[in-house]
Amino acid sequence: MATTASQPRSRDFGVIARIWSWFATTFRLLASNKVGLAGFIVVAAIVVMAFIGPYFVPFDNAARIDQIYQPPSAEHWLGTDSEGRDVLSQIIHGGRDILTVGFLAAAMSTFIAVTFGSLSAFIGGWTDTVITWLADAVLTIPNFPLLAVLAGILQLNSQLAMAGIIGLLTWPTLLRAVRAQVLSLKERDYVESARALDLGTPHIIFREIAPNMVGYIAISFTLALTTAMYISVGLIFLGLVPLSGNNWGVMINLAWVRGAIFFKDSFWYIMSPILVIALFQLGLVGLSRSLSEIFDPRLRRGA
């Protein structure tokens, strides 16, 4: 009985050891690439600020007419807005919606591209013809004007709705890239062996082929996240979606419509959300330089 009880415990320790080893190797690879490490720190800091910061920093919603467009100070590190509210608190509370939409849209578009791109290349025939034709058809449609039209027809009043529309329109480019990679990978010996064993198409695609593209998929995910964030902020800035809640896109929109550009002390109010978005994108670009080394052992330097 003691031996039987100790077996699950030893398996648990083995899983924990493997997870810890993966994290240790990942951090070592990140640390070996200074640009990638800096990008990871920036991305992690902004994500923590957006999702955890609001629990520690209260949202300043009190209008103070006598403190309109105050420059940065010890009391207001990024100054105040057109109503005298603290800009830093708006930055901290305004990232969750934009990042959530970006992550959901990127996950959706990446899943669609990897799944159907792999099926297209692996199965071939009429399946390949239909999927590539559909991808080409979507590629011919300018995404942002179409999103602007859909925003006027549909009620994009939730994060899931906006992420779904963006994700459904941004997958074709990655799908074609995945299809090209799978066309090469499906001729490898291990795929032929899996076919001979009749392991099934889902197993071959997701257990044999996809792991060999994980580095490229991770980098493509960061690019899709960047695209989704820019699209969502652009739609909010143009007022094509309801200006509900508080996020970086709403901050930029209100700064524009309220004429903040005409006040000399409004620089940080206007530029703070823009700089945070740009810094996050820059961090993603830096992080992507390490992703290939993390997921592809052949590219690891001294690992």
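Just above sits the structure.
Scope of this entry: the structure provided in the associated data block. Residue indices follow the written sequence of each chain, beginning from 1 at its first position. Side-chain atom pairs in this predicted model are given and counted only at pLDDT of 80 or more, local residue features only at pLDDT of at least 70, and totals for whole chains, interfaces and linings cover all residues. Side-chain metrics rest on all non-hydrogen atoms present in the structure, leaving aside hydrogens and water.

1. So, the packing of aromatic side chains
The description of an aromatic ring pair uses the distance of the two centres, along with the angle that the planes make with each other.
Phase 1: Here is the rule: rings of Phe, Tyr and Trp (six-membered ring for Trp) pair when centre to centre is within 6.5 Å. Planes less than 30 degrees apart are stacked, more than 60 are edge-to-face, and the remainder are tilted. Going through the model one piece at a time under the given rule, you end up with five aromatic pairs.
Phase 2: On the numbers, 6.3 Å between centres and 65° between planes, the contact of F237 with W256 is edge-to-face. Here W256 lies in helix α12 (residues 248-257) and F237 lies in helix α11 (residues 214-237), a separation of 19 residues in the sequence.
Phase 3: Looking at W256, the relative accessible area reads 57%, which means it is exposed.
Phase 4: Here the aromatic rings of F267 and W268 are separated by 5.3 Å at their centres, their planes lie at 85°, and the arrangement is edge-to-face.
Phase 5: Whether a residue is buried, partly exposed or exposed follows from its accessible area with a 1.4 Å probe, protein chains only, as a fraction of its type maximum: under 20%, in between, or over 50%, in that order. Residue F267 is classed as partly exposed on the basis of its relative accessible area, which comes to 46%.
Phase 6: Look at W268 and you get partly exposed, because its relative accessible area is 35%.
Phase 7: Here a set of aromatic residues connected by ring pairs shows up, and it is made of Y69, F263 and Y269. Put simply, DSSP marks the helices as runs of H or I at least four residues long and the strands as runs of E at least two long, and each gets a number from the N terminus on.

2. So, the nonpolar core
Buried together is how nonpolar side chains tend to be arranged in soluble globular proteins.
Phase 1: We call a set of buried Ala, Val, Leu, Ile, Met, Phe, Trp, Tyr and Cys residues a nonpolar core when their side-chain atoms join them within 4.5 Å. By size, the foremost hydrophobic cluster in this structure holds 40 residues, and its most contacted members are L147, I166, M229, V241, W248, Y269 and F280.
Phase 2: Mapped by element, the contributors of at least two residues to this core are α2 (34-51), α3 (87-93), α4 (95-123), α6 (143-153), α7 (159-169), α11, α12 and α13 (267-295).
Phase 3: If you tally residues by element for this core, the top one is α11, at eight residues.
Phase 4: Beyond its immediate sequence surroundings of up to four residues, L147 is in contact with I165, I166, L169, I231 and L235.
Phase 5: One finds F122, L174, L175 and I209 within the second-largest nonpolar core, a separate group that totals 21 residues. Only heavy atoms enter the contact rule, under which two residues are in contact if any of them lie within 4.5 Å.

3. A short note on the side chain of T132
Phase 1: Within the fold, T132 resides in helix α5 (residues 125-139).
Phase 2: Throughout this description, a polar contact denotes any pair of N or O atoms lying within 3.5 Å of each other; where both atoms belong to protein, one of them has to be capable of donating a hydrogen while the other can accept it, and for residues adjacent in sequence the pair is counted only when both atoms sit in side chains. Among the polar contacts listed, one links the side chain of T132 to the backbone oxygen of D128, at a separation of 2.6 Å.
Phase 3: A polar contact of 3.1 Å, which involves the side chain of T132, links it to the backbone oxygen of T129.
Phase 4: Discounting chain neighbours no more than four positions away, the residues touching T132 are S120, R176 and R179.

4. Brief notes about the pattern of salt bridges
Phase 1: What makes a salt bridge here is a side-chain nitrogen of Lys or Arg within 4 Å of a carboxyl oxygen of Asp or Glu, nothing more. With the rule as written, the count across this model stands at six salt bridges.
Phase 2: In this structure, E83 and R258 form a salt bridge, with 3.3 Å as the shortest nitrogen-oxygen distance. Placement of the pair is E83 in the loop between α2 and α3 and R258 in the loop between α12 and α13, with a sequence separation of 175 residues.
Phase 3: Under the relative-accessibility criterion, E83 is labelled partly exposed at 28%.
Phase 4: Relative accessible area serves as the criterion here: at 35%, R258 is assigned to the partly exposed category.
Phase 5: The partner of D128 in a salt bridge is R179, with the nearest N and O atoms 2.7 Å apart. Taken as a pair, D128 in helix α5 and R179 in helix α8 (residues 172-185) lie far apart in primary sequence, 51 residues in all.
Phase 6: What you see here is one network of salt bridges that share partners, running through D81, E83, R85 and R258.

Distances and angles like these do not, on their own, reveal function.
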